[in-house]
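Each chain is listed here by its residues.
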Amino acid sequence: MPNNQIQIYITYIDAQTGNEKTLKWYPTNSEILRMQELIDHYEEIKVGHYTSKYQPKKAKPGPNFEIQDSLVTVKLKDGSSLKGSILSQDQNKVYFKTINGMESTIPKSIIVKIEPMEGKIVDGTYLRLDPNFSRLLFAPTGRPLNKGEGYFSDYYVFFPGLSYGFTNNISVMAGFSFIPGASFDEQLKYVAPKIGINVNDKFSVATGALYINVQDVAAGIGFLVGTFGERDKCFTLGLGLGYTKEEGKDLEFAKHPIIMLGGNARISNSVAFVSENWLITGGDFDLAEQPFSLGFRFFGDHVSADVAFIIILDILDEGFPVPWLSFTYNFGN
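Computed from a prediction, not measured in an experiment: that's the story for all the values here.

### Side note on the pattern of salt bridges
So, point 1. Applying the stated criterion across every chain, the model contains eight salt bridges.
So, point 2. A salt bridge links Asp 301 to Lys 83; the nearest nitrogen and oxygen atoms lie 4.0 Å apart. Here the residue Asp 301 occupies a position in the loop between strand S22 (292–299) and strand S23 (303–311), and Lys 83 occupies one in strand S6 (residues 81–89), the gap between them amounting to 218 residues.
So, point 3. Residue class for Asp 301 comes out partly exposed when judged on its relative accessible area of 38%.

Dropping the structure here:
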């Protein structure tokens, strides 16, 4: 269009009336970039005497924000930022609409960066997404990290760890304990590779293994996990098989699997309910000995904290539930 805005015409046949209709749409820049990420095939287009061989640059993997939301953060030179969507832009200015509906013109000379946001608008209010979509309290969900995404986590202060997505489907979590007075050989070390795929918007599945080592003893669990639902309300089901390995002995697998049931549900813009529960099956299965957990996740755009209680009924009869505390900083795309 003359004002550098892009207009899309979609002509279609109405299924009910059989009449031809045309829909006009002015996409924002964020929507155009998102469309570019979704294109996987290009063909030569011929219209009359004109031939186009359009080959756009391959878009880098980015956050999974929906087209209809198209939210961005515009960071300015004075340190402030605006959240909303880009209406249009020309060579010198960006025409912007904030989340609360205020439209403004921003000179490009004062813009430092424009970044896509993960979130959605509900009844005029911006709701950020839980940044820890790839895990519950400790157990993984079926959702994989994207390439370049990761997080630094710290459990009970003395158990730091780092997770990183090497591709859109493969990530690795690793860490070690930092207990004062213990040598490095006496510290707990762990690594957990994970391979996952988003089957569709509401279902993801992943497989992997957790390996833990303390001096001459190693243990862990292989797992298969699936997550059903949206980012702000989902259910996770996992199946695992534990193993142990002592020095000089063969790897020994458990005879019975472990079932993990968990999920999370947003209750406000910055708080979510989180639950992670384990059922250790076997001939001597006793529900009173199984660990259940109930907790809350307090989160911002990048930082979150999980506060929960691990409940084992046999222990609860004699005392209090076991507290759980962890912090996470998310980074990347």
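### A word on a negative patch on the surface
So, point 1. On the surface, a cluster of negative charge is contributed by Asp 284, Asp 286, Glu 289, Asp 314, Asp 317 and Glu 318.
So, point 2. Relative accessible area serves as the criterion here: at 69%, Asp 317 is assigned to the exposed category.

### Focus: helix H1 (residues 29–38)
So, point 1. Of the positions making up H1, those classed as buried are Ser 30, Glu 31, Arg 34 and Gln 36.
So, point 2. Those residues of H1 hidden inside the fold are in contact with strand S2 (20–25) and strand S5 (72–76).

### Brief notes about the environment of Lys 93
So, point 1. Structurally, Lys 93 can be placed in strand S7 (residues 93–98).
So, point 2. Residue class for Lys 93 comes out partly exposed when judged on its relative accessible area of 34%.
So, point 3. For Lys 93, the residues in contact, after removing those within four places along its chain, are Thr 105, Ile 106, Pro 107 and Lys 108.

### Some points on the sheet that holds S7
So, point 1. Pairing within the open sheet is antiparallel, and its five strands lie in the order S8-S7-S6-S5-S9. With partners counted over all chains shown, the strands left at the sheet margins are strand S8 (103–107) and strand S9 (111–116), one partner each. Strand-to-strand, the axes of this sheet are offset by a mean angle of 45 degrees, without reference to chain direction.
So, point 2. In the sheet, S5 pairs with S9 via five bridges, with the strands oriented antiparallel. Residue pairing in the sheet places Val 74 in a bridge with Ile 114 of S9.

### A word on the pairing of S22
So, point 1. The alternating pattern of S22 places Ser 293, Gly 295, Arg 297 and Phe 299 on a buried face, while none of Phe 292, Leu 294, Phe 296 and Phe 298, on the opposite face, is buried.
So, point 2. In the sheet, strand S21 (residues 271–280) pairs with S22 via four bridges, with the strands oriented antiparallel. The residue bridging Val 271 from the neighbouring strand is Phe 298, located in S22.
So, point 3. In this structure, S22 lies alongside S23, joined through eight bridges in antiparallel fashion. Paired with Leu 294 across the strands is Phe 309, a residue of S23.
So, point 4. Turn length for the S22-S23 hairpin, with the two strands adjacent in sequence and antiparallel, is three residues.

Criteria and cut-off values
Residues numbered from 1 in each chain as written. Predicted model: local features only at pLDDT ≥ 70, side-chain atom pairs only at ≥ 80, totals over all residues. Heavy atoms only, no water. Salt bridge = Lys/Arg side-chain N within 4 Å of Asp/Glu carboxyl O. Helix = DSSP H or I, 4+ residues; strand = E, 2+ residues; numbered from the N terminus. Buried < 20%, exposed > 50% of the residue type's maximum accessible area, 1.4 Å probe, protein only. Patch = residues over 30% accessible without salt bridge, like charges linked within 9 Å, V, L, I, M, F, W, Y side chains within 5 Å. Areas by Shrake-Rupley, 256 points an atom, 1.4 Å probe, with all protein chains shown as cover. Lys, Arg positive; Asp, Glu negative; His and termini not counted. Charge placed at Lys NZ, Arg CZ, Asp CG, Glu CD. Contact = heavy atoms within 4.5 Å. Pairing = 2+ DSSP bridges. Axes fitted to C-alpha atoms, helices over the stretch in contact; angles between N-to-C directions.

Just distances and angles here, no functional claims.
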